[in-house]
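Structural description and commentary
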Amino acid sequence: MKKQMYVVFILLITVSSCKIKDDIINDYVTPEIRVNTSKIPSNNQLTISEEHQFEVRFFNDIGIHVTQAPITWTSSNNNIISINKDGLAKAVAAGEASISASVANDNPSTANEIITTEIATINVVNHPESLSITNLKNTLGKGETVFFLTNYVNIFGEVDTTTPLVWESTNTTVISVDQNGKVTGLAVGTSEITVKTQNNSITFTFQLEVKEAISKIFINNLTNSPIKIGNNYQYTASYFDENGNLNTTNELIWTVDNPSIATIDNNGLLTAVNVGNTTLTVSTIENQETLSFEAEITTENNNFSIKNPVSTLGLGNMHQFEIDFLGTSAVSWFSSDANIASIDEFTGLLTAQSNGSVRVTAQTLEGGIMLTSSTEISINTPQKTGTLETLSYSVRGNVTLTSNKLTIVDFNSTAPDSHIYLTNVPNGPANDSRDLHVSKNGKITSSSLVSLELDDIDINKYKYVVITCRSFGNFVMGRAELN
């Protein structure tokens, strides 16, 4: 018997000890946001237009990794670096900005309600500019003209065809050059040709020698800009014979090496078909030999973007989206949630269905590439709000008016017979057709919450909510101005 009691006593001690060790309620640790340092940009530097994904994890005050913790990302200067809700940052302009992450710590056992960690201070630098000539040559026949094509990459890393360029020739008696890159050999000799940006931020210089006239054929009007799919471009060419004379009688032969990218007819009219590059050749036969000139042609998709986005739309309202697109491919429209906002797939007419946010996307398939453009829209129930003020009897409460409901929170009135009107008259109601008696079922007694259903009214028709006492001939006790 004693042995059995001893065993029971030992078991009780063991069970009690386990309970004490398993109690982790008071095992407090400092909550923290841990930064994935491998996701910090190299040298804490980004170039303009570059995007970068930051990553952190939140551990609460019992040391548990909270995978669903809502992280709030901030930038100390959104004009230098912007960052979205998912931690994707984009370099906007040169300068320095700090990226931080915050999270609400909802465990009641700690005073640390908001945990904030500075991730990194990032230096945004300009993309290195570059300027080159794509059809560079170093010799020119006397009387020959050529258009030099430039390729300029700006500080944003973009191929820029809009920045003005300045052309110069050091010997204008030998070579003339205009501001479109048109160079003409005037006399035998050598000149230095320079092209630069208007603000002298970058320069490209080369030597060009003019020789006696030789047989030559060349394209007169090469273009720097890519040709959009479905569009045409009319090329012209000049042929100088062995005597240096302009020959207009020889047949010019136009070809492209990849007709799936672009086609060209016998008159030099080129049509862009697909995205890519192809070599354009013009040639002629002289003394039973072929004389030719080649140029690289680039084609690209047309611009494709939503040209009239809206950030918010009232519940039940409609918006007709339009697309900035010069192509001929059919455009399709989609909503990320048709229960919040539906959109006609073919016309782009959107209808707001319920409160929330949706992404509207337009897309088309052109040149074998899917083009897309998206915009975010918030659907909100239109509302006006105001605070009741006492005019005679004591009245208080906070008013919210929507098209189908009037709500007064923390409502109180000392009058014996309270009625509620919507009106445009500050001391109304004025008993005209614009006044609306919304407490239809009788007087309203003091209550912490008043909620009245309305018949889909136009809230823009009303400026005031007034509280009256019907017993005293609709005497106005208080009002709220709606905004």
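What comes next is a walk through the structure. Owing to the predicted nature of the structure, the values given are computational and were not obtained by experimental measurement. All residue numbers here refer to positions counted from 1 along the written sequence of the relevant chain. This being a predicted model, a pLDDT of at least 70 is required before a residue's local features are given, and a value of 80 or more before pairs of side-chain atoms are given or counted; all residues contribute to the totals for chains, interfaces and linings. Where side-chain values are given, they derive from all heavy atoms of the structure, hydrogens and water being excluded.

1. Here's the deal with the overall build of the protein
When helices and strands are counted, the protein shows one helix and 45 strands. As a reference, a globule follows 2.2 Å times the number of residues to the power 0.38, and the radius of gyration itself is taken over C-alpha atoms. In terms of C-alpha radius of gyration, the protein reaches 38 Å, well past the compact-globule figure of 23 Å for 483 residues. In terms of overall dimensions, the protein has a C-alpha envelope of 115 × 95 × 40 Å along the principal axes. Partly exposed residues are those whose accessible area sits between 20% and 50% of the maximum for their type, while under 20% is buried and over 50% is exposed, using a 1.4 Å probe and protein chains only. Within the span of the protein, comprising 483 residues, buried residues form 39% of the whole. Residue contacts are defined here by distance: any two heavy atoms, one from each residue, within 4.5 Å place the two residues in contact. By sequence separation, contacts in the protein at least 24 residues apart represent 55% of the contacts at least 6 residues apart. Under the scheme used here, helices are H or I runs from DSSP no shorter than 4 residues and strands are E runs no shorter than 2 residues, and both carry numbers assigned from the N terminus.

2. Description of the sheet that holds strand S38 (residues 389-390)
By way of backbone hydrogen bonds, the strands of a sheet pair with one another, either parallel or antiparallel. At least two bridges found by DSSP between two strands is the condition for calling them paired. Ordered in space as S38-S45-S44-S41-S42, the five strands form an open sheet in which the pairing is antiparallel. Among the strands making up the open sheet, the edge pair consists of S38 and strand S42 (436-437). Where strand S41 (residues 418-423) meets S42, two bridges bridge the pair, whose relative direction is antiparallel. Opposite Leu 422, over in S42, you have Leu 436 as the bridge partner.

3. Examining the nonpolar core
Within soluble globular proteins, side chains that are nonpolar generally end up buried alongside one another. Leu 406, Ile 420 and Leu 422 are the most contacted members of the largest nonpolar core, which has 24 residues in total. Breaking this core down by element, the ones donating at least two residues are strand S39 (395-402), strand S40 (405-413), S41, strand S43 (449-453), strand S44 (464-469) and strand S45 (475-481). Look past the residues within four positions of Leu 422 in its chain and what remains in contact with it is Leu 401, Leu 406, Arg 434, Asp 435, Leu 436, Val 438, Ile 457, Tyr 462, Tyr 464, Val 465 and Leu 482. By size, the runner-up hydrophobic cluster in this structure holds 23 residues, among which are Leu 46, Ala 101, Ile 115 and Ile 122. Here, the term nonpolar core denotes a set of buried Ala, Val, Leu, Ile, Met, Phe, Trp, Tyr and Cys residues that are joined through side-chain atoms within 4.5 Å.

4. Notes on the pattern of salt bridges
Opposite charge on two side chains permits them to pair, given that their charged atoms come into close proximity. Basic side-chain nitrogens of Lys or Arg form a salt bridge, by our definition, when they fall within 4 Å of a carboxyl oxygen of Asp or Glu. Applying the stated criterion across every chain, the model contains eleven salt bridges. The closest approach of N and O atoms between Glu 32 and Arg 34, which form a salt bridge, is 2.8 Å. The class for Arg 34 is partly exposed, based on a relative accessible area of 38%. Across the salt bridge formed by Lys 463 and Glu 481, the nearest N and O atoms sit 3.5 Å from each other. Here the residue Lys 463 occupies a position in the loop between S43 and S44, and Glu 481 occupies one in strand S45, the gap between them amounting to 18 residues.

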